[in-house]
Amino acid sequence: MLDTRRGAGAGVPGRPAGAGERVAIVGCGTSYFMGQAIAALREGAGQGETDAFAASEFPHGRTYDRVVALTRSGTTTEVLDLLRQLRGRTRTTAITADPHTPVMTSADEVVVLDFADERSVVQTRFATTAVTLLRAHLGLHTDAVVADARTALTAELPHQLVACAQFTFLGRGWTVGLANEAGLKMREASLSWTEAYPAMEYRHGPISITTRGTATWMFGEAPEGLAQQVGATGGLWIDGGLDPLAELVRAQRLAVAVAAHRDLDPDRPRHLTRSVILAP
């Protein structure tokens, strides 16, 4: 078992998957969307074919060298069930925030990011930390990325955003997963009407909902002419100029601001718990 808990003497958390391995990354909710981003980054960096799936939708007919499971709580039923099914057949690595949960003995190797755990039901810090870990191993965690992350924590949000009635987040490549996650955060924390799409797909129907009082937020470089098209609808265009992961932090802050505007508790959304544990 790879135990990389802070204070355990292992130092910087290890690489969850080796270069050249054919890898599937699985998770639920936020972890699934982070898996989408990580998979695109890893494959784009030439580290090996990498797919991402919701844990409940893993294709058992495919062959992988390793399955990496993202689970903040370490108790999510679908993730634990999948790891049990894979035991002895496919090598597994789990990335978790809680070293006192069943996932510690369900996976062959475990990366523990306990310093990134959080009290909120809504997952934010663990998610961005998991992506940062993988980006660092790929050599993509630069000084500029760090600077943008600091800016995202303090820069003012466009004042018109909080009052918007609908939000659409767009991404390209690895940032599609981030756009999906931004949409989930807005829905969970502020009960907002929110959608997310690959940027080039936005023109194929979804742009029809865009009008005055809606916002379209781009993660990364926008397709040519898209900002102008959104502007022509009367909708608010947000050009994500920071590193895309920093833009996700800004979207998380927006979710909190909108929740406060609507007198909601962004840390404890209705109908949600920290982990989905299904009765046997």
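Residues numbered from 1 in each chain as written. Predicted model: local features only at pLDDT ≥ 70, side-chain atom pairs only at ≥ 80, totals over all residues. Heavy atoms only, no water.

Chemist: Help me get a handle on the sheet that holds strand 7 (residues 193-198), residues and values and all.
Modeler: Across a sheet, paired strands are connected by hydrogen bonds in the backbone, their directions being either parallel or antiparallel. Taken in spatial order, the four strands of this open sheet run 7-6-8-9, and their pairing is parallel. Of all strands in the sheet, those bounded by a partner on one side alone are strand 7 and strand 9 (236-240). On average, adjacent strands in this sheet sit at an angle of 20 degrees to one another, irrespective of strand direction. Along the sheet face, helix 8 (residues 244-261) touches strand 6 (166-171), strand 8 (214-219) and strand 9 and points at about 155 degrees away from the line of strand 8. (Pairing = 2+ DSSP bridges. Helix = DSSP H or I, 4+ residues; strand = E, 2+ residues; numbered from the N terminus. Axes fitted to C-alpha atoms, helices over the stretch in contact; angles between N-to-C directions. Contact = heavy atoms within 4.5 Å.)

Chemist: Give me the lowdown on helix 6 (residues 175-190), citing residues and values where you can.
Modeler: Along its 16 residues, helix 6 runs 22 Å from first to last C-alpha, staying within 8% of the 22 Å computed at 1.5 Å per residue. Most of helix 6 is tucked away: 15 of the 16 residues are buried. Count one or two residues on from helix 6 and you reach Leu-191, which has phi positive near 55 degrees. (Expected span 1.5 Å × (residues − 1). Buried < 20%, exposed > 50% of the residue type's maximum accessible area, 1.4 Å probe, protein only.)

Chemist: I'd love a proper account of the sheet that holds strand 3 (residues 66-71), names of residues and values included.
Modeler: One open sheet accounts for five strands, arranged 2-1-3-4-5; its pairing is parallel. Looking at the sheet topology across the chains shown, the edges are occupied by strand 2 (50-54) and strand 5 (109-112). Averaged over all pairs of adjacent strands, the angle between strand axes in this sheet comes to 20 degrees, irrespective of strand direction. Both strand 1 (residues 23-27) and strand 3 contribute to a ladder of four bridges, which runs parallel. Bridge pairing links Val-26 to Ala-69 in strand 3. Against the sheet, helix 1 (residues 30-44) makes contact with strand 1, strand 2 and strand 3, and its axis sits at roughly 170 degrees relative to strand 2, the strand it touches most.

Chemist: Let's hear about the nonpolar core: which residues, and what values?
Modeler: Counting 45 residues, the largest nonpolar core has Phe-167, Phe-169 and Trp-217 as the members making the most contacts within it. In this view, Phe-167 contacts Leu-161, Met-186, Ser-192, Trp-193, Thr-194, Glu-195, Ala-215, Leu-254 and Val-258; residues no more than four positions away in its chain are not counted. Grouped together as the second largest cluster of nonpolar side chains are 19 residues, Tyr-64, Val-79, Val-103 and Val-110 included. (Core = buried A, V, L, I, M, F, W, Y, C linked by side-chain atoms within 4.5 Å.)

Chemist: Explain the pattern of salt bridges to me, using residue names and the numbers behind them.
Modeler: Scanning the entire structure with this criterion turns up eleven salt bridges. The closest approach of N and O atoms between Glu-49 and Arg-22, which form a salt bridge, is 3.2 Å. Of this pair, Glu-49 sits in the loop between helix 1 and strand 2 while Arg-22 sits in the segment before strand 1, placing them 27 residues apart in sequence. The shortest N-O distance in the salt bridge between Arg-250 and Glu-247 comes to 3.0 Å. With a gap of three residues between them, Arg-250 and Glu-247 both fall in helix 8, about one helical turn apart. Side by side, Arg-250 and Glu-247 carry an identical accessibility label, which is buried. (Salt bridge = Lys/Arg side-chain N within 4 Å of Asp/Glu carboxyl O.)

Chemist: I'd like a rundown of the pairing of strand 2, residues and numbers included.
Modeler: Of all five residues making up strand 2, four are buried, and the element is well covered by its neighbours. For strand 1 and strand 2, the ladder comprises five bridges, and the chain directions are parallel. When the sheet's bridge partners are listed, Ala-24 is paired in strand 2 with Asp-51.

Chemist: An account of the pairing of strand 6 is needed here, citing residue identities and associated values.
Modeler: Remark: a regular strand shows side chains that alternate across the two faces of the sheet. The buried fraction of strand 6 amounts to six of the six residues, a majority that puts the element mostly inside the structure. Every second residue of strand 6 is oriented toward a common face, with Gln-166, Thr-168 and Leu-170 on one face and Phe-167, Phe-169 and Gly-171 on the other, all of them buried. Crossover handedness for the path strand 6 to helix 6 to strand 7: right-handed. Relative to strand 8, strand 6 runs parallel, the two sharing six bridges. The partner of Leu-170 across the bridge, within strand 8, is Met-218. (Right-handed = clockwise from strand over helix to strand, strands pointing away.)

Chemist: Hey, could you go over the environment of Arg-135 for me, with residue numbers and the actual values?
Modeler: By the secondary structure assignment, Arg-135 is in helix 4 (residues 125-137). Using a relative accessible area of 5% as the deciding quantity, one classes Arg-135 as buried. Sequence-wise, Arg-135 and Arg-42 are 93 residues apart; in three dimensions their C-alpha atoms are separated by 8.3 Å. For Arg-135, the residues in contact, after removing those within four places along its chain, are Leu-41, Leu-140, His-141, Val-145, Trp-174, Asp-243 and Leu-245.

Chemist: Summarise the packing of helix 6 against helix 8; cite the residues concerned and give the values.
Modeler: Contact geometry of helix 6 with helix 8 gives a least axis separation of 8 Å together with a crossing angle of 15 degrees. Here helix 8 runs roughly parallel to helix 6, going by the angle between their axes. Classified by chirality, the crossing of helix 8 by helix 6 is right-handed. Taking contact as the criterion, the partners of Thr-175, Leu-178, Glu-181, Ala-182, Lys-185, Met-186, Ala-189 and Ser-190 in helix 6 are, on helix 8, Pro-244, Leu-245, Leu-248, Ala-251, Gln-252, Leu-254, Ala-255, Val-258 and Ala-259. Split by residue class, the contact of helix 6 with helix 8 holds twelve nonpolar, three polar and two charged. (Parallel < 35°, antiparallel > 145°, perpendicular 65-115°, else oblique. Left-handed = near helix turned anticlockwise from the far one by under 90°. Nonpolar A, V, L, I, M, F, W, Y, C, P; charged D, E, K, R; others polar.)

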